[in-house]
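What follows is the residue order along each chain.
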Amino acid sequence: MKVLIVDDRPDNLYLLRQLLESRGFGVDEAVNGREALTKLNQQKFDLVISDIMMPEMDGFELCHLVKTSDALRQIPFVVYTATYTSSKDEALARSLGASGFLVKPTEPHDFLRQIEDIISKAEKGEALPHQPPAEEQTFLRQYNERLIHKLEDKSLELEQKNAALEELTRTLEQRVRAAVKDLEERNRELEAFASSVSHDLRRPLRGIAGRAAILMEEAGATLNPEHREHVERIINTAQEMDGLIDSLLSYSRLSMEEIALRPISLESAVQRAAEQISARMEENKAQLNIHRPLPSVRAHEPVLVQVFANLLDNAIKFTEPDRPPCIEVSASEASGRVTVVVRDNGIGIAPEFRERIFEMFQRLSGASPGHGIGLAIVRKAVERMGGTVTVESKPGEGSSFILNFARG
Ligand code: ADP
């Protein structure tokens, strides 16, 4: 007993083959109606089990061609379908001459029972031969009706899926917007809090520093060296804390400040930053080489000046003792973006710290002369201006801070 199974899905073919072979049937396969027809005309089969929806030639057409062929119409034809499952689909299949109409998935036991039933009826000559519709046109009309019906079903299903998807996207967008708003709100609260704490700290701190300075001025001469050193420490520590509060305030101001981007000359921003720290540059015999001309970038001027001031300041701070700082500032343009490089000849930064140094309070050595906020300010400032900042470095040979901005 030889069965031809027709299905475009390999997993369906595999399952059917296993099932039928387990009952001793010989099995051959075809992946669409056209291939099935070729095989049917070449070999002898006792049964065809065919899917309906397949490329090239579907199961309805195959059934129609088998049942209108004098040579093939005796072969029982079973439709096994997952998509065309309505009673009208079954009616069409039956009117074409199908002996069975099974809906996927049918339990293996039930499936085999029905197949065997169809075969035994066929052997007894029951229900066969079938009388196909007299006119080809009748078949075509009914067939088209089923196809159109299926298309309508499919397009309705797609519309429903689409609507559900749109609804899901809307809900997700709303949730993301709400989460971002919430986060921004919390951030603002946190920054406002940091800013007010910093202000509140500053007043008593200045009180301490002021009184220590008066003490030093009025009674310094009468203090013994040890006591004088204590008072000097108080003054220095207070100044250091004042600096820290300044940095914290700059950082929190950056988040709250309105940033208006407009074309700013890089050259003048670097120049102004250098002026801000000129005392320290002279003190350290620092050399600054600006590779002119530098292009303009889209930025907010005071913030851009602060970025360069922090970078130049670090380039002077983190140097080898016997090597005077030498800083190069250069820029290049490509595709509407400007890349600025601030290169120094300082101590350099080990690879594992190159990302961390941009985080708040990250200093690489406890003895380093800062608070670990300078580069956090640089990154936040650059990002608020739509740019990026990274660092490349060779420990012992210097570092290059690479900034990227939109062309101004
Ligand atoms: P700080 O207030 O300590 O300068 P920064 O945030 O500016 O804080 O820098 C963080 C750390 O990154 C510094 O403590 C230092 O270890 C390292 N660093 C920053 N700039 C340089 C540089 N140009 N060369 C070497 N190390 C640097």
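Our subject is the structure that appears above.
The notes below deal with the structure included here.

Conventions and cut-offs
Residues numbered from 1 in each chain as written. Predicted model: local features only at pLDDT ≥ 70, side-chain atom pairs only at ≥ 80, totals over all residues. Heavy atoms only, no water. Helix = DSSP H or I, 4+ residues; strand = E, 2+ residues; numbered from the N terminus. Contact = heavy atoms within 4.5 Å. Buried < 20%, exposed > 50% of the residue type's maximum accessible area, 1.4 Å probe, protein only. Arc of directions from axis to C-beta. Polar contact = N/O pair within 3.5 Å; in protein donor to acceptor, adjacent residues only side chain to side chain. Pairing = 2+ DSSP bridges. Axes fitted to C-alpha atoms, helices over the stretch in contact; angles between N-to-C directions. Phe/Tyr/Trp six-rings, centres within 6.5 Å; stacked < 30°, edge-to-face > 60°. Near = heavy atom within 4 Å. Areas by Shrake-Rupley, 256 points an atom, 1.4 Å probe, with all protein chains shown as cover. Parallel < 35°, antiparallel > 145°, perpendicular 65-115°, else oblique. Left-handed = near helix turned anticlockwise from the far one by under 90°. Nonpolar A, V, L, I, M, F, W, Y, C, P; charged D, E, K, R; others polar.

Quick word on the environment of Lys150
- When you line up the elements, Lys150 lands in helix α6 (residues 136-219).
- When the C-alpha atoms of Lys150 and Val378 are compared, they prove to be 62 Å apart, with 228 residues separating the residues in sequence.
- When near neighbours in sequence (up to four residues on either side) are disregarded, Lys150 contacts Thr83 and Tyr84.

Comments concerning helix α8 (residues 266-276)
- Among all positions of α8, only Leu266, Ala269, Val270, Ala273 and Ala274 are buried. The arc that holds the buried residues of α8, viewed along the axis, is 135°, so those residues lie on one side.
- The N-capping residue of α8, defined by a side-chain oxygen 3.3 Å from the backbone nitrogen of Glu267, is Ser265.

Brief notes about the sheet that holds strand β7 (residues 287-290)
- If you trace the five strands from one edge of the open sheet to the other, you get β7-β9-β10-β12-β11, paired in mixed fashion. The sheet is open, and its two edges are formed by β7 and β11 (388-394), each paired on a single side. Adjacent strand axes in the sheet meet at a mean angle of 15°, parallel and antiparallel pairs treated alike.
- By the bridge criterion, seven bridges tie β11 to strand β12 (residues 398-406) in an arrangement that is antiparallel. If you follow Glu392 over to β12, its bridge partner there is Ser400.
- Running over the sheet, helix α10 (residues 301-317) touches β7, β9 (326-334), β10 (337-343) and β12 and is turned about 170° from β12.

Some details on the environment of Leu16
- Examined against the element boundaries, Leu16 turns out to sit in helix α1 (residues 10-22).
- Note on Leu16: relative accessible area 6%, which makes it buried.
- Separated by 278 residues in the primary sequence, Leu16 and Leu294 place their C-alpha atoms 74 Å from one another.
- Setting aside its immediate chain neighbours within four residues, Leu16 contacts Ile5, Ile49, Tyr80 and Phe111.

Comments concerning the packing of aromatic side chains
- For the structure on display, the rule yields four aromatic pairs.
- Summarising the aromatic geometry, the rings of Phe60 and Tyr84 are spaced 5.3 Å apart at their centres and angled 80° between planes, so their arrangement reads as edge-to-face. One end of the pair, Phe60, is in helix α3 (residues 59-67); the other, Tyr84, is in the loop between β4 (77-81) and α4 (87-96), with 24 residues separating them in the sequence.
- Residue class for Phe60 comes out buried when judged on its relative accessible area of 1%.
- Judged by centre distance (4.8 Å) and plane angle (50°), the ring pair of Tyr80 and Phe111 falls under tilted. Of this pair, Tyr80 sits in strand β4 while Phe111 is found in helix α5 (residues 108-123), placing the two residues 31 residues apart along the sequence. The exposure classification of Tyr80 matches that of Phe111, with both residues buried.

As for the sheet that holds strand β1 (residues 2-6)
- With respect to topology, five strands assemble into an open sheet ordered β2-β1-β3-β4-β5, the strand pairing being parallel. This sheet does not close on itself; its edge strands, each paired only once, are β2 (26-30) and β5 (100-103). Within the sheet, the average angular offset between the axes of one strand and its neighbour, ignoring direction, is 20°.
- Pairing between β1 and strand β3 (residues 47-50): four bridges, direction parallel. Bridge assignment links Ile5 to a residue of β3, and that residue is Ile49.
- Across the sheet, α1 is in contact with β1, β2, β3 and β4; its angle to β2 comes to roughly 165°.
- The strands touched by α3 within the sheet are β1, β3 and β4, with β4 carrying the most contacts at an inclination of about 180°.

Side note on the environment of Ala192
- Mapped onto the elements of the fold, Ala192 is located in helix α6.
- Owing to a relative accessible area of 38%, Ala192 belongs among the partly exposed residues under this scheme.
- With 129 residues separating them along the chain, Ala192 and Cys63 place their C-alpha atoms 77 Å apart.

Details of the pairing of β11
- What you see with β11 is a clean split: Val389, Val391 and Ser393 sit on the buried side and Thr388, Thr390, Glu392 and Lys394 on the side with no burial.
- Following β11, the chain reverses through three residues before pairing antiparallel with β12; Gly396 in that reversal takes a positive phi of roughly 90°.

A closer look at the site of the ligand
- The environment of the ligand is made up of 20 residues, and the closest members are Asn314, Lys317, Asp344, His371 and Leu375.
- Between the ligand and Asp344 there is a distance of 2.8 Å, counted from a nitrogen atom to a side-chain nitrogen or oxygen.
- Protein contacts shield 97% of the accessible area of the ligand, which totals 530 Å² for the unbound molecule.
- Secondary structure elements with two or more residues in the shell around the ligand: α10, α11 (374-384) and β12.

What to know about the packing of α4 against α6
- Where α4 contacts α6, the axes come no closer than 10 Å and their chain directions differ by 155°. Taken together, α4 and α6 sit at an angle that is classed as roughly antiparallel. The element α4 and its partner α6 pack so that their crossing is left-handed. Contacts between α4 and α6 pair Lys88, Asp89, Leu92, Ser95 and Leu96 from the former with Phe139, Gln142, Tyr143 and Arg146 from the latter.
- Partitioned by chemical class, the residues of the contact of α4 with α6 number four nonpolar, two polar and three charged.

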